[in-house]
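Chain by chain, the residues:
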Amino acid sequence: MVAATNRDLREMVDHKEFREDLFYRLSMVEIRLPRLAERKEDLPLLQRHFIERMSAEYGKPIRGIAPRVQILFARYSWPGNVRELENVLAHACMMCEGDIIDLPDLPEHLTAPAGQATTGDEGLLPMAEVHKRHALRVLAAVHGNKAEAARILGLHRATLYRLIEEFDPEEVKAAGT
């Protein structure tokens, strides 16, 4: 039998939160695997594996991931571990219209500023507001790194700084800058 958990069962036994007899039945061989956030060097291999599998499963010719998505993945904390990565890539593969997964293909929780979901009505907004929202999403995705955000947006860093000055300070704060 193989069992997995994200909890420290020894500690739970010590605190009488897990049955000792069951622990000893399960713990013949223990393998501790660090969280994905602690082994980000595994991301490219895992990404390739999941994309190949899902590309075949969904019948979509996806070749890879855009560099800006790879940067976002490398900076993301992956609280849901490898399962979250798998689900994110499954979502992206289903949403991807081309052969490269890019930011618009990702689930909203990875690209929307913290605590702010997009409403889906961007088509009814003035173009300046759409640009502002996109810039804030990118800033949040790169954890406020303005140089990286400018690169992804295709702007000179000074242009991005001028743009940010026009935004509501609370929105900029929520984006992590």
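For the structure itself, look to the data block above.
Note that the structure is a prediction, hence the values are computed from the model and not measured.

Participant: Outline the overall build of the chain, supporting the account with residue identities and numerical values.
Facilitator: Scanning the chain from N- to C-terminus turns up ten helices and two strands. Reading the secondary structure of the chain in the N-to-C direction produces α-α-α-β-α-α-β-α-α-α-α-α. By residue count, 34% of the 177 residues in the chain fall in the buried class. Sequence-distant contacts, at least 24 apart, represent 59% of the contacts inside the chain between residues at least 6 apart. Within the structure as shown, the chain displays about 11500 Å² of accessible surface, and the carbon and sulfur contribution to it stands at 53%.

Participant: A description of the nonpolar core should follow, citing residues and the corresponding values.
Facilitator: Judged by nonpolar contacts, the single largest core of 38 residues is most densely connected at Phe73, Trp78, Leu85, Leu89, Ile101 and Leu106. Where this core is concerned, the elements lending two or more residues are helix 3 (43-58), helix 4 (67-75), helix 5 (81-95), helix 7 (127-141), helix 8 (146-153) and helix 9 (157-165). Here the element with the most residues in this core is helix 5; it accounts for six residues. Residue contacts for Trp78: discarding those within four places in its chain leaves Arg35, Leu36, Lys40, Leu43, Phe73, Glu84, Leu85 and Val88.

Participant: Explain the pattern of salt bridges to me, using residue names and the numbers behind them.
Facilitator: If you walk through the whole model with that rule in mind, you get nine salt bridges. Between Arg19 and Asp21 there is a salt bridge whose closest N-O contact spans 2.8 Å. Looking at Arg19, the relative accessible area reads 53%, which means it is exposed. A residue is classified by how much of its surface remains accessible, and Asp21, at 38% relative accessible area, is partly exposed. Put simply, Glu86 and Arg53 hold a salt bridge, and the shortest N to O gap is 2.5 Å. Pair noted here: Glu86 is in helix 5 and Arg53 is in helix 3, with a separation of 33 residues, a long-range link. Connected through shared salt-bridge partners, Arg32, Arg35 and Glu38 make up one network.

Participant: Got a sec to walk through the packing of aromatic side chains? Specific residues and values, please.
Facilitator: Following the criterion strictly, the structure yields three aromatic pairs and no others. On the numbers, 5.2 Å between centres and 80° between planes, the contact of Phe73 with Trp78 is edge-to-face. Across the pair, exposure class does not vary: Phe73 and Trp78 are buried alike. Ring centres 4.7 Å apart and planes at 90° place the aromatic pair Tyr76 and Trp78 in the edge-to-face group. Just as Tyr76 is buried, Trp78 falls in that class too. Through pairs of rings, three or more aromatic residues link up here, namely Phe73, Tyr76 and Trp78.

Participant: Explain the side chain of Gln47 to me, and be specific about the residues and the numbers.
Facilitator: Secondary-structure assignment places Gln47 in helix 3. On the basis of relative accessibility, which here comes to 7%, the residue Gln47 falls in the buried class. Sequence-distant contacts of Gln47, defined by excluding residues within four places in its chain, comprise Ile65, Gln70, Phe73, Leu85 and Leu89.

Participant: Pulling in residues and values, what's your account of a negative patch on the surface?
Facilitator: On the surface, a cluster of negative charge is made up of Asp8, Glu11, Asp14, Glu17 and Glu20. Within the secondary structure, Asp8 is located in the segment before helix 1 (9-14). In this structure Asp8 comes out as partly exposed when scored by relative accessible area, which is 44%.

Participant: Run through helix 4, naming residues and quoting values.
Facilitator: For an α-helix, the turn length of 3.6 residues means that residues three or four places apart are oriented alike. Residues of helix 4 that are buried include every one of Val69, Leu72 and Phe73, and no others. Viewed along the axis of helix 4, the buried residues span an arc of 100°, placing them on a single side of the element.

Participant: Give me the side chain of Glu148: which residues, what numbers.
Facilitator: Along the chain, Glu148 falls in helix 8. Since its relative accessible area comes to 12%, Glu148 is described here as buried. If we skip the residues at most four places from it in the chain, Glu148 touches Ile71, Arg75 and Val142.

Thresholds, definitions, all that
- Residues numbered from 1 in each chain as written.
- Predicted model: local features only at pLDDT ≥ 70, side-chain atom pairs only at ≥ 80, totals over all residues.
- Heavy atoms only, no water.
- Helix = DSSP H or I, 4+ residues; strand = E, 2+ residues; numbered from the N terminus.
- Buried < 20%, exposed > 50% of the residue type's maximum accessible area, 1.4 Å probe, protein only.
- Contact = heavy atoms within 4.5 Å.
- Areas by Shrake-Rupley, 256 points an atom, 1.4 Å probe, with all protein chains shown as cover.
- Core = buried A, V, L, I, M, F, W, Y, C linked by side-chain atoms within 4.5 Å.
- Salt bridge = Lys/Arg side-chain N within 4 Å of Asp/Glu carboxyl O.
- Phe/Tyr/Trp six-rings, centres within 6.5 Å; stacked < 30°, edge-to-face > 60°.
- Patch = residues over 30% accessible without salt bridge, like charges linked within 9 Å, V, L, I, M, F, W, Y side chains within 5 Å.
- Lys, Arg positive; Asp, Glu negative; His and termini not counted.
- Charge placed at Lys NZ, Arg CZ, Asp CG, Glu CD.
- Arc of directions from axis to C-beta.

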